[in-house]
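Listed here are the chains, written in short residue letters.
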Amino acid sequence: MSTEKDNKQYSAKNVKSMKVAIFCIVAILIFYLGCNFLKGLNVFSHKTYYYAVFDDIGGLHESTTVAVNGYPIGKVSKISLISTNPTKICAEILVTEDIDIPKDSRFEVAQKDVLGGMIVNVIIGQSKTMAHNKDTLACGLAGGMFDGIGELKDQLASVIASVDTIGMSVKSAFLPNDSDNGAIMLKNTLINLEASTRHLNQILAANEGKVGNVVSKLDQLSTTLSNATPQINSIISNLDHISDSLAQSNIRALLNDAQSTVANLNAVTAKIENGEGSAGLLMNNDSLYNSVNNTVNSLNALLQDLKAHPSKYVNVTVFGKKDKNKDKE
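Residues numbered from 1 in each chain as written. Predicted model: local features only at pLDDT ≥ 70, side-chain atom pairs only at ≥ 80, totals over all residues. Heavy atoms only, no water.

A. Structural detail: the overall build of the chain. A count of helices and strands for the chain gives eight helices and eight strands. Taken across its 329 residues, the chain has 19% of its residues classed as buried. Within the chain, contacts between residues separated by at least 24 positions form 60% of all contacts whose residues are at least 6 apart in sequence. (Helix = DSSP H or I, 4+ residues; strand = E, 2+ residues; numbered from the N terminus. Buried < 20%, exposed > 50% of the residue type's maximum accessible area, 1.4 Å probe, protein only. Contact = heavy atoms within 4.5 Å.)

B. Layout of the packing of aromatic side chains. Under the counting rule described, the total for this entry stands at one aromatic pair. The interplanar angle of 50 degrees and the centroid separation of 6.4 Å between the aromatic rings of Tyr50 and Phe107 together place this pair among those described as tilted. Note that Tyr50 is positioned in strand 1 (residues 48–54) and Phe107 in strand 5 (residues 106–111), a separation of 57 residues in sequence. (Phe/Tyr/Trp six-rings, centres within 6.5 Å; stacked < 30°, edge-to-face > 60°.)

C. Inspection of the side chain of Ser196 at higher detail. For Ser196, the position within the fold is in helix 3 (residues 179–206). Residue Ser196 is classed as buried on the basis of its relative accessible area of 9%. Those residues within four positions of Ser196 in sequence are excluded, and the remaining contacts are Ser162 and Ile166.

D. Spatial organisation of the sheet that holds strand 5. Here eight strands make up an open sheet; going across it, the order is 7-1-4-3-2-6-5-8 and the pairing mixed. Looking along the sheet, the strands with just one partner apiece sit at the ends: strand 7 (135–136) and strand 8 (138–141). The pairing of strand 5 with strand 6 (residues 118–123) spans six bridges and is antiparallel. The partner of Ala110 across the bridge, within strand 6, is Ile119. (Pairing = 2+ DSSP bridges.)

E. Here's a closer look at unusual backbone geometry. A cis amide bond links Asn85 with the next residue in sequence, Pro86, at an omega value of 0 degrees. By secondary structure assignment, the location of Pro86 is in the loop between strand 3 (71–84) and strand 4 (87–95). Positive phi is not limited to glycine here, since Ser63 has a value of about 75 degrees. Examined against the element boundaries, Ser63 turns out to sit in the loop between strand 1 and strand 2 (65–68). Judged by relative accessible area, Ser63 falls into the partly exposed class, the value being 47%. Phi is positive for Lys134, which is not a glycine, with a value near 70 degrees.

F. The arrangement of the side chain of Thr64 in detail. Relative to the assigned elements, Thr64 resides in the loop between strand 1 and strand 2. For Thr64, a relative accessible area of 2% puts it in the buried group. Thr64 has contacts with Gly74, Lys75, Val76, Met118, Ile119 and Val120, leaving out every residue within four places of it along the chain.

G. Structural context of the pattern of salt bridges. Summed over the entire model, instances satisfying the criterion amount to four salt bridges. Taking the shortest distance from any N to any O, the salt bridge between Asp135 and Lys103 comes out at 3.0 Å. You can see Asp135 sitting in strand 7 and its partner Lys103 sitting in the loop between strand 4 and strand 5, a full 32 residues away along the chain. Asp135 gets classed as buried once you look at its relative accessible area, which sits at 16%. (Salt bridge = Lys/Arg side-chain N within 4 Å of Asp/Glu carboxyl O.)

H. Here's a closer look at the state of the cysteines. A full pass over the atoms with the stated rule returns zero disulfides. With no disulfide of its own, Cys90 has Cys139 as its nearest cysteine by sulfur position, at a separation of 9.0 Å. Judged by relative accessible area, which is 13%, Cys90 ranks as buried. (Disulfide = S-S within 2.5 Å.)

I. Spotlight on a nonpolar patch on the surface. On the surface, a cluster of nonpolar side chains totalling about 460 Å² of accessible area is made up of Leu299, Leu302, Leu303, Leu306 and Tyr313. Among the secondary structure elements, Leu302 is positioned in helix 7 (residues 286–308). With a relative accessible area of 43%, Leu302 lands in the partly exposed category. (Patch = residues over 30% accessible without salt bridge, like charges linked within 9 Å, V, L, I, M, F, W, Y side chains within 5 Å. Areas by Shrake-Rupley, 256 points an atom, 1.4 Å probe, with all protein chains shown as cover.)

J. Representation of the nonpolar core within the structure. Counting 22 residues, the largest nonpolar core has Tyr50, Phe54, Leu60, Val66, Ile93, Phe107 and Val120 as its most contacted members. Within the residue set of this core, elements represented by two or more residues are strand 1, strand 2, strand 3, strand 4, strand 5 and strand 6. Of the residues forming this core, the biggest block, four residues, is contributed by strand 4. Those residues in contact with Val66, other than ones at most four positions away along the chain, are Tyr71, Pro72, Ile73, Gly74, Lys75, Val76, Ile93, Val120 and Val122. (Core = buried A, V, L, I, M, F, W, Y, C linked by side-chain atoms within 4.5 Å.)

K. Just the pairing of strand 4, in detail. Among the nine residues in strand 4, seven count as buried, and that is most of the element. Sheet topology places strand 1 next to strand 4; seven bridges connect them, and they run antiparallel. In the strand pairing of strand 4, Tyr51 is matched with Glu92. Two elements, strand 3 and strand 4, share nine bridges in a ladder whose sense is antiparallel.

Laid out in structure tokens, this is it:
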């Protein structure tokens, strides 16, 4: 009777230990999925990693959007310095969409807007050979919004100097008591003005593409800002609400509670690692696993014997049939 009671207690203890183990596994799984969700990663989505090695990343940072023709297909998951002489910076690019990228495709870092946002555009190549997971593709920096303005500014400086000379000449031509030299100076002024105009036309013709590019990008910028105005207003409003909520909340008490929770979690983890409690025994003691395995084997043997000799465990009397043992008596 005592042995049967001990077996029941031992079985109940094993069941509790298994429940604790299952609870710990589920908790760890939920923690892992939650961390990836907060990072913006979908554990069950398609994942393909590519690499790009830059000499200069031009302000690129982790979590920058990767897009094809404006459609986001992934993000920059990691940036690391792999060499200092010469400087080489490796960007790990995570693509979550199921898309085939040719081997000769190119990652191009460009400015997303005038506020300094960056984006990685995938310039799809023409190769019939597709890139595979962990392949390194070509990369580079796209031209900035105001690229070429410096050269144009230097060329316009000479024109401005000529215009200044013209202004001084016109001013001198109309000074009093200088009527003899006025006509000559005015003639020279007109000649200088014609030469300056010709020079300006040559500069504009030589930089027509750059000027057109700047004007086009400024037009795109104005359109983008106009379309984003409601979103910007909404963001500002949300920031106001967040600041009001933070001001009204007890941040110090929240931080203290969080610190206390982390300390308790560290203590529980230390106990598990030291083999204390049911969870610690489950993770550090092989005897519990062996006991559960032996119990399962014994139960399996019992079920097989019950199936082969049911009469040893269950006595069924059919109505009208006599008991053989009684007949013998």
